[in-house]
Amino acid sequence: MLTEPVNVAAAAGLAVGLTPPLKALFVSGAPLGWAMNSCKTVGTACFPLMTLLLGCNLAQGTSSDRVDMPSVGVVTIVRLVVFPFVCLGVSRFCMAKGWLPDDPMIQFVILLEGCVPTAMTMGMAAPGPNTQKAVSAMLFWQYIFSGFTMAVFIAIFLDEVLS
């Protein structure tokens, strides 16, 4: 798990970023500044590739041998219905304690994060074809129903932050 390329790259980036002499090598105009510019250029393709990967995962279908439909239903309901109410409760608690700024936009974005479907990266994190098919089945149903649940929760959350 720790030797996976993503973890090694994150550790290397952390080590370079926290070491001032190494970090100075990668700023613009430094000897390795071209490497940082190259990484930024390649990084701009991240979101289109993740969207393409999500489409590939969703194309695998609505069912899997690894999970049954009642389990998919429970996960979808908890993620799209229960979790937004939990986030609303946590947000109200944090506002009462003064831990969140009194900015309606920040409050709305924090609440909105609780009602979106599971992230696209979940499909990338699933090892093996059988697990990916199970995750894609759950993602499929979450993305299907999220249009309805997000519309309801956006109305609730707007009322919450604007009142």
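Structural data are supplied above this passage.
Residues numbered from 1 in each chain as written. Predicted model: local features only at pLDDT ≥ 70, side-chain atom pairs only at ≥ 80, totals over all residues. Heavy atoms only, no water.

## A closer look at the overall build of the protein
No. 1: The number of helices and strands found in the protein is 8 helices and 0 strands.
No. 2: Listing each helix as α and each strand as β along the protein from the N terminus yields α-α-α-α-α-α-α-α.
No. 3: Each of the 163 residues in the protein was classed as buried or not, and the buried ones make up 25%.
No. 4: Of the contacts formed within the protein by residues at least 6 apart in sequence, a portion of 72% connects residues at least 24 apart. (Helix = DSSP H or I, 4+ residues; strand = E, 2+ residues; numbered from the N terminus. Buried < 20%, exposed > 50% of the residue type's maximum accessible area, 1.4 Å probe, protein only. Contact = heavy atoms within 4.5 Å.)

## Observations concerning the nonpolar core
The tendency in soluble globular proteins is for nonpolar side chains to be buried as a group.
No. 1: Membership of the largest hydrophobic core is limited to 8 residues, which are Leu 88, Phe 108, Leu 111, Cys 115, Met 150, Phe 153, Phe 157 and Val 161.
No. 2: Listed by contribution, the elements that provide at least two residues to this core are α6 (104-113) and α8 (129-162).
No. 3: A per-element tally of this core places α8 first, with 4 residues.
No. 4: With residues near it in sequence (within four places) discarded, Cys 115 still touches Leu 80, Pro 84, Met 150, Phe 153 and Phe 157. (Core = buried A, V, L, I, M, F, W, Y, C linked by side-chain atoms within 4.5 Å.)

## Section: the packing of aromatic side chains
No. 1: Counted under the stated rule, the structure contains 5 aromatic pairs.
No. 2: Look at Phe 93 and Trp 99: their rings are 5.5 Å apart centre to centre, the planes differ by 80°, and that puts the pair in the edge-to-face class.
No. 3: A relative accessible area of 45% means that Phe 93 is categorised as partly exposed. (Phe/Tyr/Trp six-rings, centres within 6.5 Å; stacked < 30°, edge-to-face > 60°.)

## A few points about the packing of helix α5 (residues 69-97) against α6
No. 1: Where α5 meets α6, the closest approach of the two axes is 8 Å, and the angle between their N-to-C directions is 150°. Crossing handedness for the pair α5 and α6: right-handed. For the pair formed by α5 and α6, the contact residues are Arg 79, Cys 87, Leu 88, Ser 91 and Met 95 on the first element and Gln 107, Leu 111 and Glu 113 on the second.
No. 2: Of the residues contributing to the contact of α5 with α6, the split by class is 4 nonpolar, 2 polar and 2 charged. (Axes fitted to C-alpha atoms, helices over the stretch in contact; angles between N-to-C directions. Left-handed = near helix turned anticlockwise from the far one by under 90°. Nonpolar A, V, L, I, M, F, W, Y, C, P; charged D, E, K, R; others polar.)

## Points about the side chain of Arg 79
No. 1: Mapped onto the secondary structure, Arg 79 falls in helix α5.
No. 2: Put simply, Arg 79 is tucked away with no salt bridge, and the nearest opposite charge, on Glu 113, sits 6.7 Å away.
No. 3: Only 3.2 Å separates the side chain of Arg 79 from the backbone oxygen of Gly 114, close enough to count as a polar contact. (Lys, Arg positive; Asp, Glu negative; His and termini not counted. Salt bridge = Lys/Arg side-chain N within 4 Å of Asp/Glu carboxyl O. Polar contact = N/O pair within 3.5 Å; in protein donor to acceptor, adjacent residues only side chain to side chain.)

## Observations concerning the environment of Leu 22
No. 1: Structurally, Leu 22 is set in helix α2 (residues 20-25).
No. 2: Separated by 10 residues in the primary sequence, Leu 22 and Leu 32 have C-alpha atoms spaced 9.8 Å apart.
No. 3: Excluding its chain neighbours within four sequence positions, the residues that come into contact with Leu 22 are Ala 15 and Val 16.

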